[in-house]
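# Observations on the model geometry
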Amino acid sequence: MDGREQKPEKVIEVRDLVAHYGERKILDGVSMDVYGGEIMVIIGGSGSGKSTLLRHLVALEQGTSGTVKILGRDPAALDAKEALALRKKIGVAFQGGALFSSMTVGENMMLPLYEHTVLDRTTMEIMVRLKLEVVGLAGFEDLMPAELSGGMVKRAAFARAVIMDPKILFCDEPSAGLDPVIAAALDDLLLRMREAMGMTIIVVTHELESAFRIADRITVLDQGRILLTGTTEELRETKSERIQNLLQRRTQEEIVDPEEYLERLMGERLGERALL
Amino acid sequence: MIYRIKDENGTTVVAFEGEVDLESSPEARRILLDCLGRTSSLLVDLSAVTYIDSSGIASLVESFQNARKAGRHFALVAVSGSVLSVLRLSRLDKVFTIYDTLEDGLARAG
């Protein structure tokens, strides 16, 4: 850890979060806590709601009901100045990189520094190069994002996310699509960042190997609900069939409600009716 | 962040204390570069630094490189564990001259 006096503080607190896309309920009463300095990994199958949960945690979206508190504050209730102060403490590495294509890698990384700090340009440039060194992209600052491979874009996005040494780092599928060696290196980097900087890290992934490598605790999301939050040991030992299916990569046997299924096919469900 | 500057037989010692972060690192940078303009030997005592971020590290890097170019002695002394782990993250522990104690640093500087 970074040597600061630290006691486990709740840095993220989610209570009864419900979210919809249109009529479709994506998150169904999610409650979770994330403590300072821990790596929390959110796993779940495709469509489980994990990326939606992440978007709510970083205040890109607001739920239909329920609350999200980050560092004790509800982002939705902050004024512009307070929201900016909170944003400076948060880094987000988006799945697709989200780098500006018209700017070099270095310019992309420098953007938050220009926006939020009064640092000297030399300091900023050294910070950019330092972070690129750490993610294994030394000397890439003058390249355009289009000139990078998929794995490099992910690492550049990661470097940008940590440029201001955030207290909380969110990563959306950091190792998806990377070759195993690069994926393992990125996992190792997350662990080292936490160790050196005392960051709290929240990772959303469907890569189980990565999840078990880095997590202090794992939250399993399924159809918008949390099945379990626990340590990797607790997860391995759970008797829950759905979780074991997920861990063993077995497909779920779908429970078919004939009436609901027919209504859905006929477009008679509430959500579908709205489309017609 | 607070700091103290003292002269020890021709060697300037800057001791930082507290957190060197985005807010305070511009001041740390200014102090280091100012001192380098006035001394041939600079030791930076980091024993009481509880947290340093990459802007603070960048200030140390810039000062170190300026000192090298000007042919001046520059070293870190009594680096706290929290600072050392940040230096290790970017392998800078292999770049800076680091002495375990201020006494070691002063002995070598002399």
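Figured I'd write up the structure that's included with this text. As the structure is a computational prediction, the values presented were derived from the model and not from experiment.

A few words now on the packing of aromatic side chains. All names here are of chain B. Applying the stated criterion across every chain yields a total of two aromatic pairs over all chains. Ring geometry for phenylalanine 64 and phenylalanine 74: centres 5.6 Å apart, planes at 35 degrees, overall tilted. Residue phenylalanine 64 is located in helix 2 (residues 54-69), and its partner phenylalanine 74 is located in strand 4 (residues 73-77); the two are separated by ten residues in the primary sequence. Phenylalanine 74 shares its class with phenylalanine 64; the two are buried. Taken together, a centroid distance of 5.2 Å and an interplanar angle of 40 degrees make the contact between phenylalanine 64 and phenylalanine 96 tilted.

In this model helix 1 (residues 25-36) of chain B runs 16 Å from its N-terminal to its C-terminal C-alpha over twelve residues, within 8% of the 16 Å that 1.5 Å per residue would give. Along helix 1 of chain B, the positions that sit buried rather than exposed are B:Ser25, B:Ala28, B:Arg29, B:Ile31, B:Leu32, B:Cys35 and B:Leu36. One side of helix 1 of chain B carries all its buried residues, which in axial view fall inside an arc of 165 degrees. Its buried side turned inward, helix 1 of chain B meets helix 4 (121-134) of chain A together with strand 1 (2-8), strand 2 (11-20), strand 3 (41-52), helix 2 and strand 4 of chain B.

Residues and elements named next belong to chain A. Spatially, 2-1-4 is the arrangement adopted by the three strands of the open sheet, whose pairing is antiparallel. Of all strands in the sheet, those with a lone pairing partner are strand 2 (24-35) and strand 4 (65-70), marking the two edges. Taking the axes of each pair of neighbouring strands and ignoring which way they run, one obtains an average angle of 15 degrees across the sheet. Where strand 1 (residues 10-21) meets strand 2, nine bridges bridge the pair, whose relative direction is antiparallel.

With that settled, consider the packing of helix 1 of chain B against helix 2 of chain B. Residue and element names in this part refer to chain B. With their axes 9 Å apart at the nearest point, helix 1 and helix 2 run at an angle of 15 degrees to one another. Taken as axis vectors, helix 1 and helix 2 run roughly parallel relative to one another. The two elements helix 1 and helix 2 cross, and the hand of that crossing is right-handed. Each of Ser25, Arg29, Leu32, Leu33 and Leu36 in helix 1 lies in contact with helix 2, whose residues at this interface are Ser55, Gly56, Ser59, Leu60, Glu62, Ser63, Asn66 and Ala67. For the contact of helix 1 with helix 2, the residue count by class is five nonpolar, six polar and two charged.

What counts as what
Residues numbered from 1 in each chain as written. Chains lettered and ligands numbered in written order. Predicted model: local features only at pLDDT ≥ 70, side-chain atom pairs only at ≥ 80, totals over all residues. Heavy atoms only, no water. Phe/Tyr/Trp six-rings, centres within 6.5 Å; stacked < 30°, edge-to-face > 60°. Helix = DSSP H or I, 4+ residues; strand = E, 2+ residues; numbered from the N terminus. Buried < 20%, exposed > 50% of the residue type's maximum accessible area, 1.4 Å probe, protein only. Expected span 1.5 Å × (residues − 1). Arc of directions from axis to C-beta. Contact = heavy atoms within 4.5 Å. Pairing = 2+ DSSP bridges. Axes fitted to C-alpha atoms, helices over the stretch in contact; angles between N-to-C directions. Parallel < 35°, antiparallel > 145°, perpendicular 65-115°, else oblique. Left-handed = near helix turned anticlockwise from the far one by under 90°. Nonpolar A, V, L, I, M, F, W, Y, C, P; charged D, E, K, R; others polar.

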